[in-house]
Amino acid sequence: MNPWQIIATLRKFGNYLAGLFPFLARLADLLVAKLSRLLKHPGLTPAYKRLSENRHLQATALFFERFYWRNYAKDRLDLSQTPGEISPLLQMLFRICVLFCLAIPLTQFSPSSLSIETFSGFKSSCPHWAAFLWTIFLPFAWAAILSGTALSSRPLFCIASIAACYFLSTCVLSLPRSFSNALLPLAIFFSIYFFEYQKRKNSGGCKLGFLSSLISGSFAGIPLIALTPLRPLISEQFHLQSPLISLAGGPVLGIILSLFCIKLARLNTGFEISLRKAFAVLTIVLLSYVGSALLRGNLSITSSLALSSLNLSNNYLWPIWY
């Protein structure tokens, strides 16, 4: 990067931080105002005048005024047009993303590390604190995706729920089956409930939304059987092959549970659920899901599986990044 690109990047980053953390902009304005009053003090005025007339300092001041201190308010993140309940959540998510980016260089100076290995065979090491952050904020991110798409878009919700089933299932693939793995499909079914609740609240529902809920539920039923002791139990009782139970019985069970969620959401019970509540519930459920995997394995295994999930999502969604 040349000096102009570096300055432009710093300027944009500064305005980005000012948009996410308004108190930083107020603090900077306060410091500038204090400095301006200080320079107007009678004892400092002659020295300040001599410095301001120095042609080298004048050139430097013009340089920074042109490339950095210029008013770039239009580059600042503006969330004022978003609905009231969405703006606080978006600000929180963007702040977390910024803190993650700022923490990347710190991974080179960790006193302790653990070994990780992904499905693709990639082997490396990472700090313990970074592995904890992966396991915490991976379900946090998926909770935001599920609640956001359930509120905003029927087709995107269907895609997001299927993706959540697939990518989050990889977080427990190398661990023994457990009924705690049912927390993942439980989160999907709660998302379906919230999705149908929003439809009833806003438009009264439609066939496309109903179909999206059934498709989402059918995919959620697969991990409900495949990742829990239900699969060997059904196989033993009915003498069926294990893959057939998950791939055939899972969608049937998922559709049944989806219909129950749809019926429950369309009942006028007087219970109000906002986006913030839905996001909080999904975060707790998915954190419990990943936390139970951590208790049944260890941090090295769980972080390796979480990193594999991230790699899969990045590889499959590469057209979006470009």
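If you're wondering where the values come from, they're calculated on a predicted model, not measured in any experiment.

Within the protein chain, the regular secondary structure consists of 14 helices and two strands. For the protein chain, restricting intrachain contacts to residue pairs at least 6 apart in sequence, the fraction spanning at least 24 positions comes to 75%. Total accessible area on the protein chain stands at roughly 19,100 Å², and carbon and sulfur atoms take up 68% of it.

What follows is about the confidence of the model for the protein chain. Scored by pLDDT, the protein chain comes out at a mean of 80, with 86% of its residues at no less than 70. Summarising per-element confidence for the protein chain, the mean pLDDT is lowest in helix α14 (residues 318-321) (60) and highest in helix α12 (residues 275-296) (90).

Here we come to the packing of aromatic side chains. Using the criterion set out here, one finds seven aromatic pairs in the structure. Measuring from ring centre to ring centre gives 4.5 Å for F157 and F195, while their planes differ by 15°; the resulting arrangement is stacked. In this pair, F157 is assigned in helix α7 (residues 154-169) and F195 in helix α8 (residues 183-202), connecting sequence segments 38 residues apart. Members of the aromatic cluster, joined through ring pairs, are F100, F137, F140 and F279.

Taken N-terminus to C-terminus, the directions of helix α6 (residues 128-152) and α12 make an angle of 145°; their axes are 8 Å apart at the nearest point. Once α6 is placed against α12, the crossing between them reads as right-handed. Contacts between α6 and α12 pair F132, T135, I136, P139, F140, W142, A143, A144, L146, S147, G148 and L151 from the former with L275, F279, L282, T283, L286, L287, V290 and L294 from the latter. A breakdown of the residues in the contact of α6 with α12 according to their chemical character gives 16 nonpolar, four polar and no charged.

We now examine the pairing of strand β2 (residues 123-127). Relative to β2, strand β1 (residues 113-117) runs antiparallel, the two sharing five bridges. Paired with S115 across the strands is S125, a residue of β2. Connecting β1 to the next strand, β2, in antiparallel fashion are five residues, including G121 with a positive phi near 95°.

The biggest cluster of nonpolar side chains holds 49 residues, and the ones touching the most others in it are W142, L168, I188, I192, I273, L286 and Y289. At 10 residues, α8 tops the list of elements feeding residues into this core. In this structure, C126, A131, L299 and L307 belong to the second largest nonpolar core, which totals six residues.

With that settled, consider the layout of surface pockets. In this structure, the largest pocket encloses a volume near 1,300 Å³. Considering the residues around the largest pocket, the lining is formed by 42 residues, among which C97, F137, A141, W142 and I145 are closest to the centre. Of all the elements in the fold, those that place two or more residues in the lining of the largest pocket are α5 (87-103), α6, α7, α12, α13 (299-316) and α14. It is α6 that provides the largest number of residues to the lining of the largest pocket, a total of 15 residues. Residues of the lining of the largest pocket, tallied by class, amount to 35 nonpolar, seven polar and no charged.

Conventions and cut-offs
- Residues numbered from 1 in each chain as written.
- Predicted model: local features only at pLDDT ≥ 70, side-chain atom pairs only at ≥ 80, totals over all residues.
- Heavy atoms only, no water.
- Helix = DSSP H or I, 4+ residues; strand = E, 2+ residues; numbered from the N terminus.
- Contact = heavy atoms within 4.5 Å.
- Areas by Shrake-Rupley, 256 points an atom, 1.4 Å probe, with all protein chains shown as cover.
- pLDDT = per-residue confidence, 0-100.
- Phe/Tyr/Trp six-rings, centres within 6.5 Å; stacked < 30°, edge-to-face > 60°.
- Axes fitted to C-alpha atoms, helices over the stretch in contact; angles between N-to-C directions.
- Left-handed = near helix turned anticlockwise from the far one by under 90°.
- Nonpolar A, V, L, I, M, F, W, Y, C, P; charged D, E, K, R; others polar.
- Pairing = 2+ DSSP bridges.
- Core = buried A, V, L, I, M, F, W, Y, C linked by side-chain atoms within 4.5 Å.
- Buried < 20%, exposed > 50% of the residue type's maximum accessible area, 1.4 Å probe, protein only.
- 1 Å grid on protein atoms, 1.4 Å probe; cavity = no way out; pocket = protein on both sides within 12 Å on 5 of 7 lines; lining within 4 Å.
- Points joined across faces, edges and corners; volume = space filled by probe spheres on them.

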